[in-house]
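Each chain, letter by letter, is given below.
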Amino acid sequence: MISRALVRPPGASFAQAILAPALRSVASTGVSSSQAAIDVTLAQAQHVEYRQALAEAGVIVEVLPSDERFPDSCFMQDPAMVIAGRAIINRPGAASRRGEEEALAALLASRFPTTRIIPPGTLEGGDVLILPDRVVVGRSDRTNRAGIAQLVVALSDLTGLANLSGLADLPVLEAPVEGYLHLLSAVTHLGDGTLLAVEDFVLPPALAGFPVLRVPTDEGYACNALGIGAKVILPAGYPSTAAMLKAHGYEVLLVPTTEFAKADGGVTCLALVW
């Protein structure tokens, strides 16, 4: 179960974050659109509510300072991960995000054995679904085969970390991602072996056999949920998904994420957890 989280509030530069494709189309017309523009003040307030939800779920939250050099740096999940007691320093597929990982490397190296993803590999945490007995990695526009291959090597022998992971090794399985930014845009793990997936998303063979709850297609954004024990942090505004989770016995913690959604980010994206 998740017990700790590193988070970084959005800074003023978050206004220049990479917009979701639909909003990029609006912006490219040259027409001013309040819908496309990120409201940084609102995003910062929403981030406070997100941190409060993490704390309510029992997570120890460590808040790092905003990093104005990198507009997307509030999305802590992508530049680095902790898997089975090992820190993976990723190499983002988005060129504008390269460098975010360096701001985390020393901090994580002081706490965990560390492996780095190096060129030509790219790997973003939003493509990495960590399950009890395997890691499923989406091959997407942000994560390539070379990055996945390096993760396979990094997790191929965890014998020295068996006291933390309970595993001698952790298999890494690849899953193609089409039509989504990241794998976790389409499917997430609720933390008890149950998956939450968009209704029309075809589960790859690597995820066969897991119980799955389906999110209605028109609420697909809510699929990016963060399960912590019996609690689920869920973006506000998706009543069908919230009702379904409650009906299955989960306690739902709703947080507003409208400004992060404009940059294709969700509740898993905003924290580096372990």
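Just so you know, these numbers come straight off a predicted model, no measurement behind them.

**Observations regarding the pairing of strand E1 (residues 4-7)**
So, step 1. Taken together, the four bridges between E1 and strand E2 (residues 60-63) define a ladder with parallel strand orientation. When the sheet's bridge partners are listed, Leu6 is paired in E2 with Glu62.
So, step 2. Strand direction decides the pairing type here: E1 and strand E15 (residues 272-273), joined by two bridges, are antiparallel. Each residue of the ladder has a partner; that of Leu6, found in E15, is Leu272.

**Brief notes about the layout of surface pockets**
So, step 1. Its volume calculated, the largest pocket comes out at about 900 Å³.
So, step 2. Around the largest pocket, the lining comprises 33 residues; the ones closest to its centre are Ile2, Val82, Ile130, Val273 and Trp274.
So, step 3. Where the lining of the largest pocket is concerned, the elements lending two or more residues are strand E3 (80-83), strand E6 (128-130), helix H5 (162-165), strand E9 (187-189), strand E12 (226-228) and E15.
So, step 4. Estimates place the volume of the second largest pocket at around 640 Å³.
So, step 5. Lining the second largest pocket are 29 residues, and of these Pro21, Tyr180, Leu181, Ser185 and Asp264 lie nearest its centre.

**Details of the sheet that holds strand E14 (residues 251-255)**
So, step 1. The mixed open sheet is built from three strands, whose spatial order is E12-E13-E14. Pairing within the sheet leaves two strands with one partner each, and these edge strands are E12 and E14. The average undirected angle you get between the axes of adjacent strands in this sheet is 25 degrees.

**So, the packing of aromatic side chains**
So, step 1. A full pass over the atoms with the stated rule returns six aromatic pairs.
So, step 2. Relative to Trp274, the ring of Phe112 lies with its centre 5.3 Å away and its plane at 85 degrees, an arrangement referred to as edge-to-face. Of this pair, Phe112 sits in the loop between helix H3 (102-109) and strand E5 (114-116) while Trp274 is found in the segment after E15, placing the two residues 162 residues apart along the sequence.
So, step 3. Each ring, one from Tyr221 and one from Tyr238, has its centre 5.8 Å from the other, and the planes form 45 degrees; the classification is tilted. Note that Tyr221 is positioned in the loop between strand E11 (212-215) and E12 and Tyr238 in the loop between strand E13 (231-235) and helix H6 (239-247), a separation of 17 residues in sequence.
So, step 4. We classify Tyr221 as partly exposed; its relative accessible area is 22%.
So, step 5. By the ring-pair criterion, three or more aromatic residues cluster together here, those being Phe14, Phe75 and Phe260.

About the cut-offs
- Residues numbered from 1 in each chain as written.
- Predicted model: local features only at pLDDT ≥ 70, side-chain atom pairs only at ≥ 80, totals over all residues.
- Heavy atoms only, no water.
- Pairing = 2+ DSSP bridges.
- Helix = DSSP H or I, 4+ residues; strand = E, 2+ residues; numbered from the N terminus.
- 1 Å grid on protein atoms, 1.4 Å probe; cavity = no way out; pocket = protein on both sides within 12 Å on 5 of 7 lines; lining within 4 Å.
- Points joined across faces, edges and corners; volume = space filled by probe spheres on them.
- Axes fitted to C-alpha atoms, helices over the stretch in contact; angles between N-to-C directions.
- Phe/Tyr/Trp six-rings, centres within 6.5 Å; stacked < 30°, edge-to-face > 60°.
- Buried < 20%, exposed > 50% of the residue type's maximum accessible area, 1.4 Å probe, protein only.

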